[in-house]
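This is what each chain is made of:
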Amino acid sequence: MADTLMTRDAMQTLAKRILAMSSADETRVNISSDAAGNTRFAAGDITTSGDTEDTVISITSTVGGRRASSTTNLMDDASLKRAVDTAERLARLSPQDPELVPELGPQQYQNVDASNADVSDLNAASRAHAVEQLITAARAPGGAMPIDPATLFVAGFLEARSGARGVATSKGLFAYHASTDVSLSCTARTPDGTGSGYASAGGRAWTAVDPGALGRRAAQKALASRNPVAIEPGRYTVILEPRAVADFIPGLMGSLNARSADEGRSAFSKKGGGTKLGEKIVDERITMLSDPFDPDLRGQPFDSDGLPLKRVVWIENGVLKNLAYSRFWATKKGVEPTGGGGGGFGRNPAGLKLAGGTKSVDELIAGTDRGVLVTHFFYIRSLDQRTVLLTGLTRDGTFLIENGKITKSIKNFRWNDSPLLSLARLADIGKAEPVEAGLVMPSLKINDFTFSSLSDAV
């Protein structure tokens, strides 16, 4: 992977060049410098391998209470001046923004060491070696094999990324943060097309990923999930593995928007006005937070405005402790802005952590009389913002649990359920573990999870 990441000094120099070209009342410059390498594989062979690098500059101009932005990835003076002029011209054409807040001046930031050389050094040869390890392990998963494991179809994607983010304003603010992240995912399928297994891992460092372990896990799931049987849709106790929880729980972040709650449009609005701040909303074993300085998260310590981000505990022991305040809404309400919680499935730049317990997935299974084990979810969409109701599909390894043991592979389901209401029906909680960069989730055991229909997807 090319090491072309823009340094702090280079990014600050570029920002100053751009700001010097502006004649707007206020100007903000956001710069993203990225270098990434990826390797895709299928049918046991590498199909593509590539490296990308890019620097994207967004210029936001404010003129007479009007604001607009333009974006470029060209860094010569003529191109930058054209982008600045475009932002200012669009701002003059825009309507007055009654919710406009002034750009920030200088801020104090605490440094977060989120870069690891073992990710930025992961070149095409290193990635190919990792893929080879994964495929070799997938085709020799160990134990008694119901089929020749060499016939497994193995596919996946490995991506390593180094990035730097910078924010500068005409009021003297400058923020810079560099980070790395890496992810490796793998799907193994049996040649008869009835069995499928999935495994993934990721983090800030390459040491968070064990390609061989991922290959073995995906293969074992594929072999175990052959010839699934259909069971009736309905409400089941489910055990969600950490990957499934990571697909499901972050959908809560958008609902934490304070303005939506204050205006009666969210799950955290109270009938007759007000919010549920300070009220118990889920099981008391649930604590969820964002913290760029948490060593398990190592997130970005500022948002796109340059606002410093801090540790925010959203839910503590089941009680709603904080909502996400934008700078505009915080000013209106006379509170401190938090950043984050912009809506939808967007991730908080400070990361997200759901605290866990002490049990392994196997221990959760052993304590279940009858239930469904879910490997991960797919194609999740929102149905109702007022209840955070989502819909999606199970995929790549769904199993029936009876009397504390996995007894059979079952067909996949479409499900309709809410992460908020599910956490109120929590039966047990497993160990938390890093799932991807900036995201730590435990396995969860949830009562009465709603599977609405069967799916023919494998």
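Residues numbered from 1 in each chain as written. Predicted model: local features only at pLDDT ≥ 70, side-chain atom pairs only at ≥ 80, totals over all residues. Heavy atoms only, no water.

Student: Let's hear about the packing of helix α4 (residues 124-138) against helix α5 (residues 211-224): which residues, and what values?
Tutor: Interhelical geometry of α4 versus α5 gives an angle of 35° and a closest axis separation of 7 Å. Along this stretch, α4 crosses α5, giving a crossing that reads as right-handed. Taken together, the residues of α5 that come into contact with α4 (itself represented by Ala130, Gln133, Leu134, Ala137 and Ala138) are Pro211, Gly212, Leu214, Gly215, Arg216 and Ala219. Looking at the contact of α4 with α5 residue by residue, the classes come out as 7 nonpolar, 3 polar and 1 charged. (Axes fitted to C-alpha atoms, helices over the stretch in contact; angles between N-to-C directions. Helix = DSSP H or I, 4+ residues; strand = E, 2+ residues; numbered from the N terminus. Left-handed = near helix turned anticlockwise from the far one by under 90°. Contact = heavy atoms within 4.5 Å. Nonpolar A, V, L, I, M, F, W, Y, C, P; charged D, E, K, R; others polar.)

Student: Can you lay out the pairing of strand β2 (residues 45-63) for me, pointing to particular residues and giving the numbers?
Tutor: With 17 bridges connecting them, strand β1 (residues 26-42) and β2 associate as antiparallel partners. The residue bridging Asn30 from the neighbouring strand is Ser58, located in β2. If you look at the hairpin formed by β1 and β2, you'll find 2 residues sitting between the two strands, and Ala43 has a positive phi there, around 55°. In terms of strand pairing, β2 meets strand β3 (residues 66-72) through 7 bridges, oriented antiparallel. Pairing of Ser58 across the sheet is with Thr71, part of β3. Connecting β2 to the next strand, β3, in antiparallel fashion are 2 residues, including Gly64 with a positive phi near 55°. (Pairing = 2+ DSSP bridges.)

Student: Tell me about unusual backbone geometry, and please be specific about residues and values.
Tutor: Its identity as a non-glycine residue notwithstanding, Arg298 has a phi of 45°, on the positive side. Mapped onto the elements of the fold, Arg298 is located in the loop between β8 (288-290) and β9 (312-316). According to the relative accessible area criterion, Arg298 is partly exposed, its value standing at 21%. One non-glycine residue, Val388, lies in positive phi territory at about 55°. Within the secondary structure, Val388 sits in the loop between β12 (370-384) and β13 (389-402). Residue classification places Val388 among the buried residues on the basis of a relative accessible area of 5%. (Buried < 20%, exposed > 50% of the residue type's maximum accessible area, 1.4 Å probe, protein only.)

Student: An account of the layout of surface pockets is needed here, citing residue identities and associated values.
Tutor: By volume, the largest pocket is sized at about 520 Å³. What lines the largest pocket is a set of 29 residues, among which Ser179, Asp181, Arg204, Pro349 and Ala437 lie closest to the centre. Among the secondary structure elements, those contributing two or more residues to the lining of the largest pocket are β4 (153-169) and β5 (174-189). Looking at which element gives the most residues to the lining of the largest pocket, the answer is β5, with 6 residues. Tallied by class, the residues present in the lining of the largest pocket amount to 9 nonpolar, 12 polar and 8 charged. Roughly 350 Å³ of internal volume is contained in the second largest pocket. Considering the residues around the second largest pocket, the lining is formed by 16 residues, among which Ser200, Leu214, Arg217, Pro242 and Glu433 are closest to the centre. Those elements that provide at least two residues to the lining of the second largest pocket are β6 (196-203), α5, α6 (242-248) and β16 (426-436). At 4 residues, β6 tops the list of elements feeding residues into the lining of the second largest pocket. In terms of residue class, the lining of the second largest pocket is made up of 10 nonpolar, 2 polar and 4 charged. (1 Å grid on protein atoms, 1.4 Å probe; cavity = no way out; pocket = protein on both sides within 12 Å on 5 of 7 lines; lining within 4 Å. Points joined across faces, edges and corners; volume = space filled by probe spheres on them.)

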